Amino acid sequence: MAVRRPLTSSTTSRHAALAGRVLSAAGGMTAGLASEGPLPSRRDIQLLVEELLEVLFPESHRMGSVGPSEGRLRDHVADTIASLEEHLQRAIFLGLHRLCSKRTRSHTCERRARQLSARLLDALPDVRAQLGKDVLAAFESDPAATGIDEIVACYPGLYAIAIYRVAHHLLGIGAEVLPRMLTEHAHSRTGIDIHPGATIGESFFIDHGTGIVIGETSTIGNRVRIYQGVTLGALSVKDRGRTDKPQSKKRHPTIEDEAIIYANATILGGNTVIGQGAVVGGNAWITYSVPPRTRVGVGT
């Protein structure tokens, strides 16, 4: 075990001088900060995700010592919601980051955080109902699945979809930064990058999932299947040269109902539409629209 050397006045002074140089090395970063206070920490986000998934999929945990009875399950979920509410309010408050640390505006941000937290909690039954359809889509689409419980416990695609659906709702009701932090947590855990601004229909199935990218203005219909390595991206990224929010112009493709996109396909552009029931083969590069029920790069 290494022995830590006691700090002397000379080493303390040297470290302080280096710290000053580090902090002043990129003044543009500090000038461009939208926040005057801290954002939620990684630990905050991890705890929030754990509590959200405990509420949305409580049966998968078998409840341990809590017991299987319906009453005890309800009590456990109620206790988790109570804890979730506190953590959610705090995270939303920190995410409403622009000038919220100013004492004159702090109360306004706190009130807004309570309102948004309440709206998300009220929406959790609808989110759970959506996820139920996603789980069934995975079970029906994947012959390797041995049961619903395995899908909930093991499938990275469902993990990413669950967090996306919560983040998408938060973004829609006006939360800032936190939705992106949630989906980036899922990204780091699964390798699946879904922007919370994307619009995704019901019964969505991601198989394997590693390397998937779904851009902010992507639109995905119902009963769509996507495999690992798929990119739904923009044709180009220009240097905005500004600090305000980007324009809402559609930059990413539309995938209509019941389309299937196989591994490592790249589909780019806001005007690109993959028609209903179309099948895009693996490794395809697509910057044009595909008519409904068309097979692209798929052998017969």
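The structure reproduced in this document is the subject of the present report. The model shown is predicted, which means the values in this text are computed figures rather than measured ones.

1. Focus on helix α7 (residues 156-173)
Working step 1: An ideal rise of 1.5 Å per residue puts 26 Å on 18 residues; α7 measures up with 26 Å between its terminal C-alpha atoms.
Working step 2: Most of α7 sits inside the fold, with 13 of its 18 residues counted as buried.
Working step 3: Just downstream of α7 lies Gly174, where phi reads positive at about 110 degrees.

2. Focus on the packing of helix α3 (residues 42-56) against helix α8 (residues 178-190)
When two helices pack together, their arrangement is given by the angle between the helix axes and the distance between those axes.
Working step 1: Orientation of α3 relative to α8, taken along the N-to-C sense of each, is 80 degrees, at an axis distance of 10 Å. Between α3 and α8, the angle is such that the two are roughly perpendicular. Across the interface between the two elements, Ile45, Gln46, Leu48 and Val49 of α3 pack against Leu178, Met181, Leu182 and His185 of α8.
Working step 2: Within the contact of α3 with α8, the residues separate by chemical class into 6 nonpolar, 2 polar and no charged.

3. Structural notes on the sheet that holds strand β13 (residues 285-286)
Working step 1: Taken together, 5 strands build an open sheet; the order of strands is β1-β4-β7-β10-β13 and the sheet is parallel. Lying at the two open borders of the sheet, with one neighbouring strand each, are β1 (193-194) and β13.
Working step 2: The sheet contact formed by strand β10 (residues 266-268) and β13 spans 2 bridges and is parallel. Bridge pairing in β13 links Thr266 to Trp285.

4. Description of the packing of α7 against α8
Working step 1: Viewed as axis vectors pointing N to C, α7 and α8 meet at an angle of 175 degrees, and their least axial separation amounts to 8 Å. Viewed along their axes, α7 and α8 adopt a mutual orientation that is roughly antiparallel. Within the contact between the two elements, α7 uses Pro156, Tyr159, Ala160, Ile163, Tyr164, Ala167, Leu170 and Leu171 and α8 uses Leu178, Pro179, Leu182, Thr183, His185, Ala186, Arg189 and Thr190.
Working step 2: Counted by class, the contact of α7 with α8 contains 12 nonpolar, 3 polar and 1 charged residues.

5. What about the layout of surface pockets?
Working step 1: Space inside the second largest pocket adds up to approximately 380 Å³.
Working step 2: As for the second largest pocket, its lining consists of 19 residues, and the residues nearest its centre are Leu53, Val152, Ala153, Tyr159 and Arg189.
Working step 3: Secondary structure elements with two or more residues in the lining of the second largest pocket: α3, α6 (148-154), α7 and α8.
Working step 4: Here the lining of the second largest pocket gets 5 residues from one element, more than from any other, and that element is α3.
Working step 5: A per-class count over the lining of the second largest pocket returns 11 nonpolar, 5 polar and 3 charged.

6. Topic: the packing of aromatic side chains
Working step 1: This model, assessed by the stated rule, comprises 1 aromatic pair.
Working step 2: Their ring planes at 20 degrees and their centres at 4.9 Å tell us that Tyr227 and Tyr262 sit as a pair that is stacked. Separated by 35 residues along the polypeptide, Tyr227 in strand β6 (residues 225-227) and Tyr262 in the loop between β9 (260-261) and β10 bring together distant segments of the chain.
Working step 3: Its relative accessible area of 31% is what places Tyr262 among the partly exposed residues.
Working step 4: In this structure, Arg189 packs its charged tip against the face of Tyr159, placed 4.4 Å from the ring centre.

7. So, unusual backbone geometry
Working step 1: In this structure, Val177 is a non-glycine residue whose phi angle is positive, near 70 degrees.
Working step 2: With respect to the helices and strands, the residue Val177 is situated in the loop between α7 and α8.
Working step 3: The exposure class of Val177 is partly exposed, given its relative accessible area of 26%.
Working step 4: Not every positive phi belongs to a glycine, and Arg293 is a case in point at roughly 60 degrees.
Working step 5: The topology assignment puts Arg293 in the loop between β13 and β14 (295-296).
Working step 6: The class of Arg293 is exposed, set by a relative accessible area of 63%.

8. Comments concerning the pattern of salt bridges
Working step 1: Considering all chains together, one arrives at 5 salt bridges under this definition.
Working step 2: One salt bridge in this structure joins Asp134 and Arg165, with 2.8 Å as the shortest N-O distance. Here Arg165 lies in helix α7 and Asp134 lies in helix α5 (residues 103-141), a separation of 31 residues in the sequence.
Working step 3: Under the relative-accessibility criterion, Arg165 is labelled buried at 4%.
Working step 4: Notably, a salt bridge pairs Arg223 with Glu258, separated by 3.1 Å at the nearest N-O pair. Here Arg223 is found in the loop between β5 (219-220) and β6, whereas its partner Glu258 is found in the loop between β8 (254-255) and β9, with 35 residues between them in sequence.

What counts and how
- Residues numbered from 1 in each chain as written.
- Predicted model: local features only at pLDDT ≥ 70, side-chain atom pairs only at ≥ 80, totals over all residues.
- Heavy atoms only, no water.
- Helix = DSSP H or I, 4+ residues; strand = E, 2+ residues; numbered from the N terminus.
- Expected span 1.5 Å × (residues − 1).
- Buried < 20%, exposed > 50% of the residue type's maximum accessible area, 1.4 Å probe, protein only.
- Axes fitted to C-alpha atoms, helices over the stretch in contact; angles between N-to-C directions.
- Parallel < 35°, antiparallel > 145°, perpendicular 65-115°, else oblique.
- Contact = heavy atoms within 4.5 Å.
- Nonpolar A, V, L, I, M, F, W, Y, C, P; charged D, E, K, R; others polar.
- Pairing = 2+ DSSP bridges.
- 1 Å grid on protein atoms, 1.4 Å probe; cavity = no way out; pocket = protein on both sides within 12 Å on 5 of 7 lines; lining within 4 Å.
- Points joined across faces, edges and corners; volume = space filled by probe spheres on them.
- Phe/Tyr/Trp six-rings, centres within 6.5 Å; stacked < 30°, edge-to-face > 60°.
- Lys NZ or Arg CZ within 6 Å of the ring centre and 35° of its normal.
- Salt bridge = Lys/Arg side-chain N within 4 Å of Asp/Glu carboxyl O.

In short, geometric facts, not functional conclusions.
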